[in-house]
Each structure stands twice: as C-alpha cells, then as structure tokens.
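# Geometric and topological summary
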Protein chains: 2
Amino acid sequence: MKVTLGISNRHVHLTEETYKILFNNEPLEKVKDLKQPGQFASNKFVTLINDDRKIEKVRVLGPLRNYNQVEISRTDSYHLKLNPPIKSSGDLKDALPITLVGSQGIAYLENACIIANRHIHLTKEDLEKYNLQNKSCVKIKVMGEKGGILDNVYLKVQENSSLELHLDSDDGNAFNLKTGDKLEVIDTE
Amino acid sequence: MKVTLGISNRHVHLTEETYKILFNNEPLEKVKDLKQPGQFASNKFVTLINDDRKIEKVRVLGPLRNYNQVEISRTDSYHLKLNPPIKSSGDLKDALPITLVGSQGIAYLENACIIANRHIHLTKEDLEKYNLQNKSCVKIKVMGEKGGILDNVYLKVQENSSLELHLDSDDGNAFNLKTGDKLEVIDTE
C-alpha cells in the first residue's frame, strides 16, 4: 500500500468569532483547494506571538471551524519558546495559549496551539480495501539517504476524505520528502 | 548498544585564510568545549548569504581546519534557496557555493555548503567492542510518540574520538530529541 504525502507547513484554523476579531469584514477567500475535500488555503495570514517571539505570515486555512487551532512544528516551537503537545487535529486537551495578530485585530487564544501528529486521511472503504480495520496506527517506510521509518502514523477515518498522508515540515525535512511523494505503508507490530 | 546524541545546529568550519578575511586580527576564542576532543564552540558568528536570502548568527566552530565547510539543515536550505548535497564532513565533492559575512569582511566560498549526513563518532576500539567491524552504517531506533528508525547512520572512525551520535536539527526535531538523549543502535540489514 502506498500513500501520497502532503507536507503541512504551520497553519491556523479559526472560528467565525475569532476570524471577525482578526479580520473584521474582510472576506476569507480561497486561493487554492487542498487535497482534502472542501478544505482550502485562504488569502489570509496571521502573525503568531508568544512573549517576545513571533512567526509572521502563517496561513489561515478554510473553511472556518467550530474551534481555533494553531498547528506548528517542533522547530517553530523552539523559535516561539513554547512546548505544545503532539495531538490529533481537533483534540485540544492541553493545547497551549498563543496570540494571533490579523490585519484588523488581535486575539489571545487560551487553548489552541499543538504539534499535529503524523496521520493518514482515509475512508472506511479504504480501511477495508487495505485491510486496516483493526489498526489505529501504521508505520511509513522512507527510502533514500535520509530514509527510515516513521512510527505512530494515525489513521484518521472520515466519510468524505481523500487518501493522503500528512506529515509536518520537520518530518518532511528530516526525511528529505516533498508533497506528492508516494510512500509505503508498513504494518504496525 | 546505546549512544549519546549531540544535535548539530547549523555551523561553519573555516581555514586560517578565510578566518582572516572574515575577522582579520580578532582572536578565535573558545566559549565551550564540544564532546569531540579538541573541538570547540567559538565566540565568532557569521551570516550566511545566498542571493537575497540570509541566515544570521551562525557559529564558527574551532579549531581552524584545512577546508571551509558550511553545514546547514534541509530547513535552512529551503530558507536560503539552496539545494546542497547530503555528505560526510570533509567530503566536499559537489558542495555548493555560499557567501559568509564576518565582522571584518566577506568571503565567497565556491565549494563549501553541505547537509551533513547522520553519523556516529567512534574509535577502532569501539568498533571491536560493539562488533561493528564489518559495517559502514547502522540504524538508530527512537521510541516515543515521534519515534521511528533513522537509516544510514555512518560510522566515522577516528583515533581520538568520543562515542557520540550526530544528527542535524531536522532529524532532532522530527524525532523530538534533545542533545544528551541515549539512543539505541540497531543493526544494518
């Protein structure tokens, strides 16, 4: 079984309420569809702030959600002097506070910053097709000079999803990978 | 067999000639000994430049060598818009040109920029002790949520060396590791 890789750079998901604080009446416009159905890269960017540290030009993904979530890499976390937990998207237990600056305002989010875990988007039909019904995780094998194996790649089963492996930029860069690479799924122990 | 990890942040090694261009008569002073005998973090920093891109505050390691070498990560390489080869330290075939700015001058190095490969510093005695005489590479197993296996970890045998695994900051951050971590060496296939 092979999956296509999408490398996730740092990004944010916002609620309507937070979006309004940050961008007021400016419309959230689609710049590019993402591979996951309905998801898109928007025309809006925020600055992430923690104490005296910041990261600029962090993209807002659309559509708006019912939670705020800021996904950064371990590399970003050192720069921001934060130590967020490694979590599944939407699981904000223990997520850290962070401040966002938009073109029209500032929002302090008490419970938003995570490092996203390694995961594969797939459907129930994919689970059956690839005989993964009993698994919550798989491993990914990477060939090449910077190759190896990535453990704890979670299976994220959703009805309307496109088969895709999501790794953050640290994993992508350590293994010398690019979005679009086809990688081999190997079994869990 | 376990090895202690040292994470290498971006750094440069310089010849006496290049050092003189960049720092003139300023002395190269030791700030901190590194684990490898004789090697040290110095008090000198350079800026790396490629076209309109730069990375500031990159440390010069001492002592001076008989070659110039700039070691960066894949993450750094995207920032600098460079695509250096993955190489062993000192193997500068295909190394890329890069410009260095010191406090007293600028040097254009035609053949200097690499991404260092994963490697373990050890002695001939270590090779025997751990029964690795026939190996040029091993693998490293990492536990934890961001665990997995790193392939192609080269054995760098030198007479006067201290047993230590060197990974760059991309590998370190992808696997959620810190300098001083003890990691398991597993066999090559």
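This structure is a prediction, so every number in the text was calculated from the model and none was measured. (Residues numbered from 1 in each chain as written. Chains lettered and ligands numbered in written order. Predicted model: local features only at pLDDT ≥ 70, side-chain atom pairs only at ≥ 80, totals over all residues. Heavy atoms only, no water.)

With that settled, consider the relation of the copies chain A and chain B. For the pair chain A and chain B, the relating rotation is 180°, the translation along its axis is 0.0 Å, and the fit reaches an RMSD of 0.0 Å. One copy is carried onto the other by what is essentially a two-fold rotation axis. Taking C-alpha positions as the reference, the residue of chain A nearest the rotation axis is A:Ile149, at 2.4 Å. A share of 100% of interface residues in chain A that are also interface residues in chain B marks the association as one of identical surfaces. (Least-squares fit on C-alpha atoms with pLDDT ≥ 70 in both. Contact = heavy atoms within 4.5 Å.)

Residues A:Gly62 and A:Pro63 are joined by a peptide bond in cis, for which omega reads -5°. By the element assignment, A:Pro63 lies in the loop between β5 (53-62) and β6 (69-71). The residue B:Lys57 is not glycine, and still its phi comes out positive at about 60°. Structurally, B:Lys57 is set in strand β5 (residues 53-62). (Helix = DSSP H or I, 4+ residues; strand = E, 2+ residues; numbered from the N terminus.)

Because an α-helix completes one turn every 3.6 residues, residues spaced three or four positions apart along the sequence face the same direction. All names here are of chain A. Those residues of helix α1 (residues 16-23) not exposed but buried are Thr18, Tyr19, Leu22 and Phe23. Down the axis of α1, the buried set is contained in an arc of 105°. They therefore lie on one face. Of the residues in α1, the exposed ones pointing more than 90 degrees away from the buried face are Glu16 and Glu17. As for α1, its buried residues are in contact with β4 (40-50), β5, β8 (96-101) and β9 (106-116). Once α1 ends, the next one or two residues include Asn24, with phi positive near 50°. (Buried < 20%, exposed > 50% of the residue type's maximum accessible area, 1.4 Å probe, protein only. Arc of directions from axis to C-beta.)

The subject of this paragraph is empty space enclosed by the protein. Residues and elements named next belong to chain A. Evaluated as defined, the whole model comprises one cavity of 30 Å³ or more. Considered as a void within the structure, the largest cavity measures approximately 50 Å³ in volume. As for the largest cavity, its lining consists of Ser8, Asn9, Arg10, His11, Glu71, Ile72, Ser73, Ala116 and Asp168. For the lining of the largest cavity, a count of residues per class yields two nonpolar, four polar and three charged. (1 Å grid on protein atoms, 1.4 Å probe; cavity = no way out; pocket = protein on both sides within 12 Å on 5 of 7 lines; lining within 4 Å. Points joined across faces, edges and corners; volume = space filled by probe spheres on them. Nonpolar A, V, L, I, M, F, W, Y, C, P; charged D, E, K, R; others polar.)

Below, the discussion takes up the interface of chain A and chain B. Residue-level contacts link 28 residues of chain A with 28 residues of chain B. Taking both sides of the interface into account, the surface hidden between chain A and chain B amounts to around 2,300 Å²; carbon and sulfur atoms contribute 39%. When the area that chain A buries against chain B is broken down by residue, the three leading residues are A:Glu145, A:Lys146 and A:Asn173, summing to 27%. A salt bridge links A:Lys141 to B:Asp151, with the shortest nitrogen-to-oxygen separation between them at 3.1 Å. Mapped by element, the contributors of at least two residues to the side of chain A that touches chain B are α2 (74-80), β11 (137-142), β12 (148-157) and α4 (169-174) of chain A. It is β12(A) that provides the largest number of residues to the side of chain A that touches chain B, a total of six residues. Residues that form the side of chain A that touches chain B fall into these classes: nine nonpolar, eight polar and 11 charged. With three bridges connecting them, β12(A) and strand β12 (residues 148-157) of chain B associate as antiparallel partners. Following the sheet pairing, A:Gly148 is matched in β12(B) by B:Leu150. (Buried area = accessible area lost by both parts, 1.4 Å probe. Salt bridge = Lys/Arg side-chain N within 4 Å of Asp/Glu carboxyl O. Pairing = 2+ DSSP bridges.)

Residue and element names in this part refer to chain B. Volume-wise, the second largest pocket comes out at about 1,200 Å³. As for the second largest pocket, its lining consists of 45 residues, of which Ser8, His11, Leu34, Leu61 and His166 are closest to the centre. In terms of residue class, the lining of the second largest pocket is made up of 13 nonpolar, 19 polar and 13 charged. No fewer than three residues from each of domain 1 (10-116) and domain 2 (119-186) sit in the lining of the second largest pocket. (Domains from an automatic or database assignment.)

Attention shifts here to the pattern of salt bridges. Residues and elements named next belong to chain B. Applying the stated rule across the entire model yields 22 salt bridges over all chains. For Asp76, the salt bridge identified is with Arg10, shortest N-O distance 2.9 Å. Taken together, the residues Asp76 in helix α2 (residues 74-80) and Arg10 in the loop between β1 (2-8) and β2 (11-13) connect sequence positions 66 residues apart. A relative accessible area of 28% places Arg10 in the partly exposed class. The salt bridge involving Asp94 is made with Lys93; its shortest N-O contact spans 3.5 Å. For Asp94, a relative accessible area of 47% puts it in the partly exposed group.

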